[in-house]
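Summary of structural features
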4 protein chains.
Amino acid sequence: MDSPSSPPGTIFTLPVRVYYQDTDAGGVVYHSTYLDFLERARYEWLRELGFDIHSLIQTYKVIFMIRSLDIEYLKPAVLDDLLHVSVQPVELGRSRIAFAQQVLRDSIVLARATVHAVCVGTESLKPASFPVPLRHRIGHAIGKHP
Amino acid sequence: MDSPSSPPGTIFTLPVRVYYQDTDAGGVVYHSTYLDFLERARYEWLRELGFDIHSLIQTYKVIFMIRSLDIEYLKPAVLDDLLHVSVQPVELGRSRIAFAQQVLRDSIVLARATVHAVCVGTESLKPASFPVPLRHRIGHAIGKHP
Amino acid sequence: MDSPSSPPGTIFTLPVRVYYQDTDAGGVVYHSTYLDFLERARYEWLRELGFDIHSLIQTYKVIFMIRSLDIEYLKPAVLDDLLHVSVQPVELGRSRIAFAQQVLRDSIVLARATVHAVCVGTESLKPASFPVPLRHRIGHAIGKHP
Amino acid sequence: MDSPSSPPGTIFTLPVRVYYQDTDAGGVVYHSTYLDFLERARYEWLRELGFDIHSLIQTYKVIFMIRSLDIEYLKPAVLDDLLHVSVQPVELGRSRIAFAQQVLRDSIVLARATVHAVCVGTESLKPASFPVPLRHRIGHAIGKHP
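A brief report on the enclosed structure follows. (Residues numbered from 1 in each chain as written. Chains lettered and ligands numbered in written order. Predicted model: local features only at pLDDT ≥ 70, side-chain atom pairs only at ≥ 80, totals over all residues. Heavy atoms only, no water.)

Re the pattern of salt bridges
Formally: By convention in these notes, a salt bridge is any Lys or Arg side-chain nitrogen within 4 Å of a carboxyl oxygen on Asp or Glu. Runs of E in the DSSP output that reach at least two residues are strands. Runs of H or I that reach at least four are helices, and both are numbered from the N terminus. Relative accessibility under 20% of the residue-type maximum defines a buried residue, over 50% an exposed one, and the middle range a partly exposed one, all with a 1.4 Å probe and only protein chains included.
This structure, assessed with the given rule, holds 20 salt bridges over all chains. Residues A:R112 and A:E72 are paired through a salt bridge, measuring 3.0 Å at the closest nitrogen-oxygen approach. Of this pair, A:R112 sits in strand β5 (residues 108-121) while A:E72 sits in strand β2 (residues 62-73); the two residues are 40 residues apart in sequence, bridging distant segments of the chain. On the basis of relative accessibility, which here comes to 37%, the residue A:R112 falls in the partly exposed class. By relative accessible area, which is 31% here, A:E72 ends up partly exposed. Of the charged contacts, one joins D:E44 and D:R47 as a salt bridge, the two residues approaching to 2.9 Å between their closest N and O atoms. Note that D:E44 and D:R47 are positioned in helix α1 (residues 33-48) at a spacing of three residues, about one turn of the helix. Salt bridges linked by common partners bring A:R17, A:D80, D:E44 and D:R47 together as one network.

As for the environment of A:R67
Rule in force here: By definition, residues are in contact when any of their heavy atoms lie within 4.5 Å.
Mapped onto the fold, A:R67 is located in strand β2. Sequence spacing of A:R67 and A:I97 is 30 residues, and the spatial spacing of their C-alpha atoms is 9.8 Å. Those residues in contact with A:R67 that sit more than four places away from it in its chain are A:R96, A:H116, A:A117, A:V118, B:I71, B:E72, B:Y73 and B:L74.

Points about the interface of chain C and chain A
This is how the line gets drawn: Buried area is a sum: the accessible area each of two parts loses on coming together, probed at 1.4 Å, counted once for each and added. Counted as a polar contact is a pair of N or O atoms within 3.5 Å, where, for protein atoms, one must be capable of donating a hydrogen and the other of accepting one, and residues adjacent in sequence contribute only when both atoms are in side chains. Three categories are distinguished: nonpolar for Ala, Val, Leu, Ile, Met, Phe, Trp, Tyr, Cys and Pro, charged for Asp, Glu, Lys and Arg, and polar for the others, with Gly belonging to the last.
With nine residues of chain C in contact, the opposing surface of chain A contributes nine residues. Of the roughly 710 Å² buried at the junction of chain C and chain A (both faces included), carbon and sulfur atoms supply 68%. Per-residue buried area on chain C facing chain A is highest for C:Y20, C:A25 and C:Y30; these three make up 56% of the total on that side. The tally of links between chain C and chain A comes to six residue pairs in polar contact (both at pLDDT 80 or more). Taken together, the residues of the side of chain C that touches chain A sort by class into four nonpolar, four polar and one charged.

Structural notes on the relation of the copies chain B and chain A
As a reminder of what qualifies: A least-squares superposition brings the copies together, and it is based on the C-alpha atoms of residues with pLDDT no lower than 70 in both.
With an RMSD of 0.0 Å, chain B superimposes on chain A once it is rotated by 180 degrees and translated 0.0 Å along the axis. Look at the turn and shift together and you get a two-fold axis relating the two. Considering only C-alpha atoms, the part of chain B nearest the rotation axis is B:D70, at 2.0 Å. The share of interface residues of chain B whose copies in chain A are also at the interface is 100%, consistent with both copies meeting through the same surface.

Examining the relation of the copies chain C and chain A
One copy of the chain maps onto the second through a rotation around an axis plus a translation along that axis. Each copy superposes on the other: chain C lies on chain A with an RMSD of 0.0 Å after a rotation of 180 degrees and an axial shift of 0.0 Å. Most of the interface of chain C is mirrored in chain A, where 100% of its interface residues again form contacts.

Quick look at the nonpolar core
In summary, soluble globular proteins display a tendency toward joint burial of nonpolar side chains. Cut-off, in case you're wondering: In this text, buried Ala, Val, Leu, Ile, Met, Phe, Trp, Tyr and Cys residues form a nonpolar core when linked through side-chain atoms within 4.5 Å.
Membership of the largest hydrophobic core comes to 96 residues, with the highest contact counts inside it found for A:W45, A:F64, B:W45, B:F64 and B:I71. The residues contacting B:W45, other than those within four sequence positions of it, are B:F12, B:V87, B:P89, B:I97, B:F99, B:I138 and B:A141. Grouped together as the second largest cluster of nonpolar side chains are 95 residues, C:I53, D:V18, D:L35 and D:F37 included.

Side note on the sheet that holds strand β1 (residues 12-17) of chain A
To be explicit about the condition: Strands are labelled as partners when DSSP assigns at least two bridges between them. Lines are fitted to the C-alpha atoms to define the axes, a helix being fitted only along its stretch in contact, and any angle between axes, read from their N-to-C directions, falls within 0 to 180 degrees.
Sheet architecture is open: 10 strands sit in the order β1(A)-β3(A)-β4(A)-β5(A)-β2(A)-β2(B)-β5(B)-β4(B)-β3(B)-β1(B), paired in antiparallel fashion. Edge strands, defined here as strands with exactly one partner in the open sheet, are β1 of chain A together with β1 (12-17) of chain B. Averaged over all neighbouring strand pairs, the angle between strand axes comes to 25 degrees, with direction disregarded. Where strand β3 (residues 82-92) of chain A and strand β4 (residues 96-105) of chain A come together, eight bridges link them in antiparallel fashion. Bridge pairing links A:V85 to A:V103 in β4(A).

Some details on the sheet that holds strand β2 (residues 62-73) of chain C
Reading across the sheet, the 10 strands line up as β1(C)-β3(C)-β4(C)-β5(C)-β2(C)-β2(D)-β5(D)-β4(D)-β3(D)-β1(D) and stay open at both edges, with antiparallel pairing between neighbours. Edge positions in the sheet fall to β1 (12-17) of chain C together with β1 (12-17) of chain D, since each of these pairs with one other strand and no more. Strand after strand, the sheet turns through a mean of 25 degrees between neighbouring axes, direction not considered. In this structure, β1(D) lies alongside strand β3 (residues 82-92) of chain D, joined through six bridges in antiparallel fashion. Considered in β3(D), the bridge of D:V16 is made with D:L83.

In structure tokens, the structure reads:
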């Protein structure tokens with residue numbers, strides 16, 4: 001399995017293999033499982049930016065909560081597919097962020113989604129400003145993607 | 001646990017209890033799990049209309065596939081909540097159907113979604129017209145909901 | 001869907017319907033999903049004894065953790081099956097409890113398991129004695145089952 | 001994330017990262033999720049031996065079904081852990097195989113399991129002899145592990 005990578009100028013993608021656990025009796029990946037693949041990619045994107053969940057929670061005392069998402073299912077993924085899940089930040093507010101994500105098999109887009117998340121304080125659970133170092137890194141990531 | 005019910009003139013709802021399996025380390029129901037709750041409610045709504053999965057597949061040779069969905073997460077559901085998941089058909093085409101669904105705790109809307117599904121032939125996996133008896137029942141269901 | 005029930009002298013069972021989310025591309029219920037069905041039944045059994053998760057956590061300050069389990073898969077459950085999941089406490093120690101559980105379709109045993117759990121303090125996460133009222137109720141439940 | 005690897009003489013392990021989707025409100029990896037991690041490792045082990053799911057199904061017309069398993073939960077895995085899941089075939093019959101598997105965080109064993117699977121014909125769903133090339137590869141794998 002390839003490691004996640006984002007050479008300069010490219011969109012971050014995470015490879016994901018489809019196992020029986022991800023499929024349903026229709027013979028395809030079950031529709032809610034795509035959201036799990038998208039989550040894995042977002043957290044590996046964050047890690048590559050230099051922020052893992054523990055640093056967010058313990059150092060910056062924030063977590064991300066999903067506010068809304070929309071997803072289109074274009075072509076089904078099936079058992080043993082090697083998928084690539086992309087993460088592209090497309091909007092950044094004081095505490096809100098929107099991601100454009102795709103699930104690809106080779107160059108075919110199987111699903112695409114927009115995911116709206118909000119940064120909240122771990123204690124208040126109310127919207128909190130992004131930690132400054134994270135804002136800088138995300139702002140730079142938005143800038144470098146077409 | 002209450003049985004699903006839809007007295008005349010009301011919107012179908014399915015009771016769903018939240019267990020550890022549905023939650024995550026944030027202490028709330030994990031975001032993709034809501035889609036599983038929505039699916040359970042749609043299939044019980046179909047059953048109440050007189051159509052279960054086996055009759056769709058074997059008699060009518062059709063299945064439903066999700067084309068797209070959008071969901072808003074308003075307030076979190078938590079461990080041991082008794083939720084009620086509603087199903088309201090809101091659009092009906094030749095082979096497409098859209099559902100408005102809500103996840104409620106008592107009268108509070110925790111999440112709401114629009115789910116677009118399409119009826120496909122079990123062999124062709126291409127869009128197929130709704131079976132006539134099902135179309136009639138759904139059309140009647142759209143008519144009777146406010 | 002029937003309500004869970006345990007008339008005097010009978011073993012507690014919870015009805016569980018199989019949806020697409022529970023199945024895999026092999027056309028059957030995915031093997032780890034049975035453990036989710038078993039968990040739902042255990043928590044409804046506890047509720048019927050008069051103890052829900054919140055009373056355990058907040059009043060008695062204990063939770064249950066699974067120490068080990070073994071499961072046999074005898075015949076597969078499939079899409080749209082109405083299963084009945086039984087719960088029978090079979091051993092009770094100071095802080096440990098063992099459950100014998102079965103997943104049935106009509107009278108056919110599809111899977112059976114022994115689940116070993118331990119009562120731990122919510123703060124210490126170390127083994128803690130069962131709350132006395134719960135011990136009495138479980139002891140009575142062990143006594144009344146063959 | 002490291003690629004799976006098994007240098008000569010070592011036991012096959014697959015790295016697995018823990019995400020929110022794998023955890024529960026107790027703050028730890030949910031007990032049935034470990035079975036999903038074990039499954040991923042078994043299929044990557046098979047791939048490394050030269051057999052992927054499609055070759056099994058299409059060329060050899062067999063699949064594996066789980067007959068039984070037992071698992072001990074020793075220490076909990078938590079959010080963002082990088083786990084290593086091992087696979088060691090320990091018994092090989094005409095159609096049956098047993099795996100010893102462990103879930104490790106660094107050198108600490110968090111969970112260990114024995115998983116009994118059987119090779120069945122895709123059409124008959126009855127026990128079928130292992131394909132000869134696969135038997136040779138597995139037999140060799142049993143031989144080389146301590």
